[in-house]
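Structure assessment
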Amino acid sequence: MNLSVQIQPASNGSQRVAIGGRLDTHSYQELDRQLAPLLASPIHSLVLDLANLEYISSAGVRSVFKARKALAARGGRVLVAHPQPQIQKVFDVVKAVPLNEIFSSMAEADAYLDAMQQKVLRGDDEE
């Protein structure tokens, strides 16, 4: 299966991207290409929905890390939702995504993003 990337419309400074198939040495450049304009936009968070991602190689992990680094440089973050067990295992092994940034569902990721935005609005956004 090839890589599929579905970019949802941005909402409240957050961008969702559903990634499916295989993210490997043959497909990571396509993900990087599609993420580039998003990472250059003023979004605060990028939510990667990995429910349909079947495989990730070190090249794919590097793409996720690259996105995290780009957003972190301006105080943003990349969140991961729905990782399949094999994908989660890769993240665990390489410590690519902190456990507090992986969510079992989009609803859980949305609740987290909402809570973070509320903290900022209240003025207590220290984490």
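Above this text sits the structure in question.
Let us look at the structure shown here. (Residues numbered from 1 in each chain as written. Predicted model: local features only at pLDDT ≥ 70, side-chain atom pairs only at ≥ 80, totals over all residues. Heavy atoms only, no water.)

**Section: the packing of aromatic side chains**
Evaluation of the coordinates by the stated rule reveals zero aromatic pairs. Sitting over the ring of Y55, R22 keeps its end group 4.0 Å from the ring centre. It is R62 that lies over the ring of Y28; its NZ or CZ is 5.6 Å from the centre. (Phe/Tyr/Trp six-rings, centres within 6.5 Å; stacked < 30°, edge-to-face > 60°. Lys NZ or Arg CZ within 6 Å of the ring centre and 35° of its normal.)

**Brief notes about the environment of L38**
Mapped onto the secondary structure, L38 falls in helix 1 (residues 28-40). For L38, a relative accessible area of 10% puts it in the buried group. Note: C-alpha distance between L38 and L71 (33 residues apart in sequence) is 9.9 Å. Those residues in contact with L38, other than ones at most four positions away along the chain, are I7, Q15, V17, I43, L46 and R74. (Helix = DSSP H or I, 4+ residues; strand = E, 2+ residues; numbered from the N terminus. Buried < 20%, exposed > 50% of the residue type's maximum accessible area, 1.4 Å probe, protein only. Contact = heavy atoms within 4.5 Å.)

**Regarding the pattern of salt bridges**
Within this structure, the stated rule accounts for three salt bridges. A salt bridge links D24 to R22, with the shortest nitrogen-to-oxygen separation between them at 3.3 Å. Across the salt bridge formed by E30 and R33, the nearest N and O atoms sit 2.6 Å from each other. You can see E30 and its partner R33 sitting in helix 1, three residues apart, about one turn around the helix. (Salt bridge = Lys/Arg side-chain N within 4 Å of Asp/Glu carboxyl O.)

**Things to note about the side chain of Q15**
Assignment of secondary structure puts Q15 in strand 2 (residues 14-23). According to the relative accessible area criterion, Q15 is buried, its value standing at 5%. If we ignore the near neighbours within four places in the chain, the residues touching Q15 are I7, Q8, P9, A10, L38, I43, S45, L46 and V47.

**Side note on the packing of helix 1 against helix 2 (residues 58-72)**
Between helix 1 and helix 2, the shortest axis-to-axis distance is 10 Å and the interhelical angle comes to 10°. Taken together, the axes of helix 1 and helix 2 lie roughly parallel to each other. For the pair formed by helix 1 and helix 2, the contact residues are Y28, L31, D32, L35 and L39 on the first element and A59, G60, S63, K66, A67, A70 and L71 on the second. Here the contact of helix 1 with helix 2 is composed, by residue class, of eight nonpolar, two polar and two charged. (Axes fitted to C-alpha atoms, helices over the stretch in contact; angles between N-to-C directions. Parallel < 35°, antiparallel > 145°, perpendicular 65-115°, else oblique. Nonpolar A, V, L, I, M, F, W, Y, C, P; charged D, E, K, R; others polar.)

**Concerning the pairing of strand 4 (residues 77-81)**
Taking burial as the measure, the five residues of strand 4 include four buried ones, the bulk of the element. In the sheet, strand 3 (residues 45-56) pairs with strand 4 via five bridges, with the strands oriented parallel. The residue of strand 4 that forms the bridge with S45 is R77. Assessed by its sense of winding, the connection that carries the chain from strand 3 through helix 2 to strand 4 is right-handed. (Pairing = 2+ DSSP bridges. Right-handed = clockwise from strand over helix to strand, strands pointing away.)

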